[in-house]
Amino acid sequence: MAELPGWYDNDIDRVIVSADDIRAKTEELAKQVAADYAQADSVLLVCVLKGAVMFMADFARALGRFGPPAELEFMAVSSYGQGTTSSGVVRILKDLDRDIAGKHVIVVEDIVDSGLTLSWLLKYLQSRSAASVDVVALLRKPEAVKVTVPVKYVGFDIPSEFVVGYGLDYAERYRDMPYVGVLKPEVYQR
Ligand code: 5GP
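Residues numbered from 1 in each chain as written. Predicted model: local features only at pLDDT ≥ 70, side-chain atom pairs only at ≥ 80, totals over all residues. Heavy atoms only, no water.

## So, helix α3 (residues 116-127)
Right, on to step 1. The terminal C-alpha atoms of α3, which comprises 12 residues, lie 17 Å apart, in line with the 16 Å expected from a rise of 1.5 Å per residue.
Right, on to step 2. Within α3, the full set of buried residues consists of Thr-117, Leu-118, Ser-119, Leu-121, Leu-122, Tyr-124 and Leu-125.
Right, on to step 3. For α3, the elements touching its buried residues are β2 (43-49), β3 (70-78), β4 (91-94), β5 (104-112) and β6 (132-140). (Helix = DSSP H or I, 4+ residues; strand = E, 2+ residues; numbered from the N terminus. Expected span 1.5 Å × (residues − 1). Buried < 20%, exposed > 50% of the residue type's maximum accessible area, 1.4 Å probe, protein only. Contact = heavy atoms within 4.5 Å.)

The structure is reproduced here in structure tokens:
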């Protein structure tokens, strides 16, 4: 599908994952999850704000076509500041609204980089007595894994570079891009 140029296109050095590829992969991941959870009454999708919000919205709609009914929950944790490297420090900014005991929880993640945030989150969800906890991540940076985290469903393995778009920001911008890309170096000098 041809896309009209957006304001952000001038700032992008190159595209890492196109909007079409995201669409196709999201459907593929939803089909896999639906098959694996075919016996479940329902699943509870946990989105980690803000980066995973686009993927959550698209993944939940795709899962709705193939899988069991889903409940949607949102959490916000901080691990990155305004910069581009992981601090490893996780703080809950917004907790779950409801009890997750006995639920089949699927964490919907934008990107797994060091895996520090996710590894902390999985322990936290397990401590809240979820029946099961799985992870679906749109993107993964394989070289950067410092902590071994079980990510069952992965969309794309990407290089160890700072990416923006489709929910991912640089200083709160570029989340509204429909694709994932790398910024031109001069953007960081502004
Ligand atoms: P981790 O704890 O795995 O190092 O990082 C987790 C979070 O850091 C991700 O959920 C995401 O919000 C942010 N992050 C990691 N890599 C990138 C990146 O390349 N670009 C952006 N914008 N955020 C990232």
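Following the structure, the description resumes.
## Looking at unusual backbone geometry
Right, on to step 1. That bond from Leu-49 to Lys-50 is cis: its omega, -10°, falls within 30 degrees of zero.
Right, on to step 2. Within the secondary structure layout, Lys-50 lies in the loop between β2 and α2 (53-66).
Right, on to step 3. Even without glycine at this site, Ser-129 takes up a positive phi of about 65°.
Right, on to step 4. Residue Ser-129 is classed as partly exposed on the basis of its relative accessible area, which comes to 46%.
Right, on to step 5. Although it is not a glycine, Tyr-174 sits at a positive phi angle of roughly 80°.
Right, on to step 6. Of note, Tyr-174 is situated in the loop between β7 (153-157) and β8 (180-183).
Right, on to step 7. Given the relative accessible area of 2%, Tyr-174 is considered buried.

## A short note on the side chain of Arg-175
Right, on to step 1. Turning to its location among the elements, Arg-175 is positioned in the loop between β7 and β8.
Right, on to step 2. For Arg-175, a relative accessible area of 16% translates into the label buried.
Right, on to step 3. A distance of 3.0 Å separates polar atoms of two side chains, one belonging to Arg-175 and the other to Glu-172.
Right, on to step 4. Sequence-distant contacts of Arg-175, that is, excluding residues within four places in its chain, are made with Lys-50, Gly-51, Met-54, Gly-165, Tyr-166, Gly-167, Leu-168 and Asp-169. (Polar contact = N/O pair within 3.5 Å; in protein donor to acceptor, adjacent residues only side chain to side chain.)

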